[in-house]
Amino acid sequence: MTAKYSGGCSHVHVTSAAEPIDNHECHCNVCKSVTKQHTTHVAFFNYGDLKVDHAEKIKRVPFNADNPGGPLEICLCTECNSVLMLDDKQRRIRVAVPNVMGYDTDKFPKATYHAFWDESKGYPRPSDGRPVYAGLRPDFAWPAGS
Ligand SMILES: [Zn+2]
Ligand SMILES: [Zn+2]
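Given the structure is predicted, the values throughout are model-derived calculations rather than measurements.

Q: Explain the coordination of the zinc ion (ligand 1) to me, please; I cannot follow it from the model alone.
A: Looking at the metal site, the zinc ion (ligand 1) is ligated by C26 (SG), C28 (SG) and C31 (SG), spaced 2.1 to 2.3 Å from it. In the primary structure, the donors to the zinc ion (ligand 1) are separated according to the pattern C-x1-C-x2-C. Here C28 matches C31 in class, with each residue buried.

Q: Is there a simple way to think about the coordination of the zinc ion (ligand 2) in this case?
A: For a metal with four donors in a tetrahedral arrangement, the ideal angle between donors is 109.5 degrees, while six donors in an octahedron ideally sit at 90 or 180 degrees. Looking at the metal site, the zinc ion (ligand 2) is ligated by C9 (SG), H11 (ND1), C77 (SG) and C80 (SG), spaced 2.1 to 2.4 Å from it. Coordination geometry of the zinc ion (ligand 2): the four donor atoms subtend angles of 105 to 114 degrees at the metal centre, consistent with an arrangement described as tetrahedral. Donor residues for the zinc ion (ligand 2), ordered by position in the chain, follow C-x1-H-x65-C-x2-C. In this pair, H11 is assigned in the loop between β1 (5-8) and β2 (13-16) and C77 in strand β7 (residues 72-77), connecting sequence segments 66 residues apart.

Q: Explain the side chain of S16 here, please?
A: On the secondary structure map, S16 appears in strand β2. Of the polar contacts made by the side chain of S16, one reaches the backbone oxygen of D49; its length is 3.4 Å. Residues in contact with S16, not counting those within four places in the same chain, are A3, K4, Y5, F45, D49 and L50.

Q: Please clarify how the packing of aromatic side chains should be interpreted in this entry.
A: Centre-to-centre distance and the angle between the planes together describe a pair of aromatic rings. Tallied over the entire structure, the rule returns seven aromatic pairs. Ring centres of F44 and W142 lie 5.8 Å apart, and the angle between their planes is 35 degrees; this geometry places the pair in the tilted category. Of the two residues, F44 is situated in strand β4 (residues 40-46) and W142 in the segment after β10 (113-115); the sequence distance between them amounts to 98 residues. Residue F44 is classed as buried on the basis of its relative accessible area, which comes to 7%. According to the relative accessible area criterion, W142 is partly exposed, its value standing at 39%. When the ring of F140 is compared with that of W142, the centres are 5.4 Å apart and the planes differ by 75 degrees; the resulting orientation is edge-to-face. Each residue in the set Y5, F45, Y103 and F108 is aromatic and connected to the rest through ring pairs, giving one cluster. Across the ring face of W142, the terminal group of R92 is positioned such that the distance to the ring centre comes to 4.3 Å. When the ring centre of Y47 is taken as origin, the NZ or CZ atom of R94, which lies over that ring, is 4.4 Å away.

Scoring rules and cut-offs
- Residues numbered from 1 in each chain as written.
- Chains lettered and ligands numbered in written order.
- Predicted model: local features only at pLDDT ≥ 70, side-chain atom pairs only at ≥ 80, totals over all residues.
- Heavy atoms only, no water.
- Donors = N, O, S within 2.8 Å, 3.2 Å for Na, K, Ca; no water.
- Buried < 20%, exposed > 50% of the residue type's maximum accessible area, 1.4 Å probe, protein only.
- Tetrahedral: all angles 85-135°; square planar, octahedral: opposite > 155°, others 65-115°.
- Helix = DSSP H or I, 4+ residues; strand = E, 2+ residues; numbered from the N terminus.
- Polar contact = N/O pair within 3.5 Å; in protein donor to acceptor, adjacent residues only side chain to side chain.
- Contact = heavy atoms within 4.5 Å.
- Phe/Tyr/Trp six-rings, centres within 6.5 Å; stacked < 30°, edge-to-face > 60°.
- Lys NZ or Arg CZ within 6 Å of the ring centre and 35° of its normal.

Printed below as a string of structure tokens:
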């Protein structure tokens, strides 16, 4: 099985042989605060598709500092502090942020839409031709947890 996507650091490798199930440009305030980027390219994978080779070298912090009991956790390498992935306590998805988590961004498919944009952002609605939604795309269905 060949990895189509590989990220992580030199200690913990994060790979997927499958395509992401959702691929968006995120305008949400949590991503803005965590990545310090205006928008963040976010890819969701089915939980079982994004694999890590050294789970024992991972430490976890809440993704949303304002909601520490929320389902998503940022996974960091215990040796070098690299950000590896977001993990879902409910085991539905795992999340890659290609330009932050060590992926080859040239090979990563471009985000297909804009998520979590609304007028409260205080900047214009994106006009690059991709759909713009106030949340995730309406037809996105969360996989069942495991
Ligand atoms: Zn976001
Ligand atoms: Zn590392």
